[in-house]
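# Observations on the three-dimensional arrangement
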Amino acid sequence: MNRKEFVKNTGLAAATLAILPAGELFASAADTKIKIAMIGVGLRGQNHLDLVLRRNDVELVAICDIDDRMLTRAKEMITKSGKKMPQIFTGDIYAWKKMLEIKAGIDGIIIATPWEWHKEMIIGSIEAGIKYIGSEVMIGITLQDHWDVVKAAEKYKAHVMMLENVCYRRDVMAVLNMVRQGLFGEMIHLQGGYQHDLRDVKFNDGTKAYGGGCEIGDKAWSEARWRTHHSIHRNGDLYPTHGIGPIAHCININRGNRFVNLASFSTKARGLHQHIIKKCGPDHPNAKISFKLGDVVTTSIGCANGETILLQHDTNLPRPYSLGFRVQGTEGLWMDLNKGIYIEGKSTKPHQWDEAKVWLDKYDHPLWAKWSKEAQGSGHGGMDFYVIHSFVESIKRNAPTAMDVYDAAAWSAITPLSEMSIEKGNETIEFPDFTGGQWMYRKPVFALNDEY
Ligand SMILES: NC(=O)c1ccc[n+]([C@@H]2O[C@H](COP(=O)([O-])OP(=O)(O)OC[C@H]3O[C@@H](n4cnc5c(N)ncnc54)[C@H](O)[C@@H]3O)[C@@H](O)[C@H]2O)c1
């Protein structure tokens, strides 16, 4: 069989992959409490903390942060939960290294710190002997960072899961279910992105997390302390994973398919500067900042199996939130923005959208059918529950995580690759194969049953 035939067959096999009943693919969970530690209990870390505290199969053994306000909020949450106060590490930016040595032992670690810390904290955790690392989105800054994380995970046989929650969004999972049952036919083109007006996230008044001022860095709080600097110094798709994660599952990236090449284009940068002028006036010191990040960055990716992907990063301009998904095959497509699905021969009328909800309800993923009660009240419409649930259940079973280091590297590396492409005048850049050829043999594992 030549490579083309192999890839085609793998794609077709995966397209017809049905949902298997729970228990057929994974061994049953051990009846033990696992020990979890956390680095970073900022606003995102507190979401994860809430989910960890709700579970009776997890003992929170240690937390680390360097911001007293964040730590106070985290401690209040722990006290309110009635759970035992974990060991607390703070005081300097390397306090987390001491935490990794605690005698209680750590089965899994959750990292929710600024992007520039992720690589060092993931590798530090791996080298300290921790076998399960759940890192918030982006696992590094440079392309080399991504290779370093992959190589460390391979060397120490550690599981690195990027906690990409959008993969668990209810509509996204229903669409994945439909893709796997072949309703859209063979996959052809997919779109997604991060289209979120972050102006009040990138600037605040130092007391509130969102807006109220134009401060960044030391004078700001939460993400405006660090995230905005990436918009000053970098131009690329700085946040690809919410868009690419769900798409990657639909076309079995790293499992019979892979990203082959990429090219990015960026617009001029106007939104952040204008925001400062409008909110705080031309005399505000930050009105002098020159932002490198183009307001809209568009990236095209080619895949080994012949699909194309379009990703958009749009965080500096006024706009309502949308991830802009489109999943299109030979038989029809889903688009999230118009809440529409069309399937030839099955939709109510030719050339007219069906209301997506009817299809999404019918093909609700078994994970949502089973766990939606537990997911209620957790962040981002319930999807945050699933990502932590999946991480914890993998640890309990001593099993590979549903999204692994190769997924994390491929999705997160879009950022440095898009920066390179823009830097080189929109040149098409070859996408590295982090699996070292294993993508041809690896099988889909994400959300194959209703367990986790
Ligand atoms: N998946 C999602 O939906 C989602 C949503 C928000 C944020 N995030 C991601 O979560 C991560 C954290 O974002 P956030 O919103 O919580 O930011 P944040 O600024 O609110 O929190 C970051 C925390 O890390 C702490 N920190 C920084 N350096 C540290 C160090 N050396 N040691 C220990 N703690 C340190 C900070 O004090 C802060 O409390 C980022 O990767 C972000 O992109 C993901």
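Sequence positions are assigned chain by chain, starting from 1 and proceeding in written order. The predicted origin of the model limits local features to residues at a pLDDT of at least 70 and limits the giving and counting of side-chain atom pairs to 80 or more, whereas totals for whole chains, interfaces and linings rest on all residues.

Glancing now at the overall build of the chain. Counting its regular elements, the chain contains 16 helices and 15 strands. Taken over the C-alpha trace, the chain has a radius of gyration of 22 Å; the compact-globule value for 452 residues is 22 Å, and the two agree within 12%. On the principal axes, the C-alpha backbone points of the chain span a range of 60 × 60 × 40 Å. Residue pairs qualify as contacts under a 7 Å threshold applied to their C-beta atoms, which are placed from the backbone. Within the chain, contacts between residues separated by at least 24 positions form 75% of all contacts whose residues are at least 6 apart in sequence. Under the scheme used here, helices are H or I runs from DSSP no shorter than 4 residues and strands are E runs no shorter than 2 residues, and both carry numbers assigned from the N terminus. Radius of gyration: over C-alpha atoms. The globule rule applied is 2.2 Å multiplied by the number of residues raised to the 0.38 power.

As judged from the four bridges shared by strand S12 (residues 332-335) and strand S13 (residues 340-343), these two strands associate in the antiparallel manner. The partner of Met335 across the bridge, within S13, is Gly340. DSSP calls a pair of strands paired once it identifies at least 2 bridges connecting them. Count of turn residues in the S12/S13 antiparallel hairpin: four residues, of which Lys339 carries a positive phi of about 50°. Bridge count between S13 and strand S14 (residues 354-355): two bridges; the pairing is antiparallel. Note that in S14 the partner of Ile341 across the bridge is Asp354.

As a further point, take helix H10 (residues 241-250). Summarising burial for H10: 10 of the 10 residues are buried, a large majority. When H10 is considered as a whole, its buried residues turn out to be Thr241, His242, Gly243, Ile244, Gly245, Pro246, Ile247, Ala248, His249 and Cys250. Asn252 lies just past H10 and shows a positive phi near 55°. Exposed residues have 12 or fewer other C-beta atoms within 10 Å of their own C-beta, buried residues have 20 or more, and residues in between are partly exposed; the C-beta atoms are placed from the backbone.

Counting 111 residues, the largest nonpolar core has Val149 and Ala409 as the members making the most contacts within it. Broken down by element, this core gets its largest block of residues, eight residues, from helix H14 (residues 383-397). When residues are assigned to domains, this core turns out to be shared by domain 1 (32-162) and domain 2 (175-363 + 405-440), each giving three or more. When near neighbours in sequence (up to four residues on either side) are disregarded, Ala409 contacts Ile139, His146, Val149, Val150 and Phe434. Judged by nonpolar contacts, the second largest core, of 13 residues, contains Ile216, Ala220, Ala224 and Ile276. Note on terminology: a nonpolar core is any set of buried Ala, Val, Leu, Ile, Met, Phe, Trp, Tyr and Cys residues joined through C-beta atoms within 7 Å. Note that domain bounds follow an automatic or database assignment of domains.

In this section: the pairing of strand S6 (residues 159-162). Going residue by residue along S6, you find His159 and Met161 tucked away on one face and Val160 and Met162 tucked away on the opposite face as well. As defined by bridge partners, strand S5 (residues 132-135) adjoins S6 across four bridges and the pair is classed as parallel. Bridge pairing in S6 links Tyr132 to His159. Handedness rule for crossovers: strands pointing away from the viewer, path from the first strand over the helix to the second running clockwise, crossover right-handed. Handedness of the crossover joining S5 and S6 through helix H6 (residues 143-156) is recorded here as right-handed.

Let us now look at the sheet that holds strand S2 (residues 58-64). The sheet built from six strands is open, its strands ordered S3-S2-S1-S4-S5-S6 with parallel pairing. The open sheet has two edge strands with one neighbour each: strand S3 (87-89) and S6. The average undirected angle you get between the axes of adjacent strands in this sheet is 20°. Of the strand pairs in this sheet, strand S1 (residues 34-39) and S2 are connected by six bridges, and their pairing is parallel. Counted as the bridge partner of Ile36 is Leu60 from S2. Note on method: axes are straight lines fitted to C-alpha atoms, helices fitted across the in-contact stretch only, with angles between N-to-C directions ranging 0 to 180 degrees. Its contacts with the sheet put H14 on S1, S2, strand S4 (108-111), S5 and S6, and the angle it makes with S5 is roughly 175°.

Turning next to the site of the ligand. Only the C-beta atom matters for nearness: placed from the backbone, it must lie within 6 Å of the molecule or strand for the residue to count as near. The immediate surroundings of the ligand are formed by 26 residues, with Gly40, Gly42, Arg44, Asp67 and Glu136 found nearest. Listing elements by their share of the shell around the ligand, those giving two or more residues are helix H2 (43-54) and helix H5 (115-127). The element contributing the most residues to the shell around the ligand is H2, with three residues. Only Asp, Glu, Lys and Arg are considered charged in this grouping, and only Ala, Val, Leu, Ile, Met, Phe, Trp, Tyr, Cys and Pro are considered nonpolar; every other residue, Gly among them, is considered polar. For the shell around the ligand, the residue count by class is 13 nonpolar, seven polar and six charged. Two domains each donate at least three residues to the shell around the ligand, and these are domain 1 (32-162) and domain 2 (175-363 + 405-440).

Quick look at the domain arrangement of the chain now. In terms of domain boundaries, the chain breaks down into domain 1 (32-162) and domain 2 (175-363 + 405-440). Once you take the C-alpha centre of each, domain 1 and domain 2 turn out to be 26 Å apart. At the interface, 17 residues of domain 1 touch 17 residues of domain 2. Every element with two or more residues in the side of domain 1 that touches domain 2 is listed here: H6 and S6. A per-element tally of the side of domain 1 that touches domain 2 places H6 first, with five residues.

This next bit is on the packing of H10 against helix H15 (residues 405-412). H15 packs onto H10 with a crossing angle of 130° between their chain directions and a minimal axis gap of 9 Å. One element, H10, and the other, H15, form an angle in the oblique class. By crossing handedness, the relation of H10 to H15 is classed as right-handed. Contacts between H10 and H15 involve Thr241, Ile244, Gly245 and Ala248 from the first element and Asp407, Trp411 and Ser412 from the second. Each angle gets one of four labels, with under 35 degrees taken as roughly parallel, over 145 as roughly antiparallel, 65 to 115 as roughly perpendicular, and the rest as oblique. Each helix crossing is assigned a hand: it is left-handed if the near helix lies turned anticlockwise from the far helix by less than a right angle, otherwise right-handed if that turn is clockwise.

Note that Gly302 resides in strand S9 (residues 296-303). Classification of Gly302 by C-beta neighbours within 10 Å gives partly exposed; the count is 16. In this structure, the C-alpha to C-alpha distance between Gly302 and His189, residues 113 residues apart in sequence, is 9.7 Å. Here Gly302 is in contact with Val260, Asn261 and Thr308, once residues within four sequence places are set aside.

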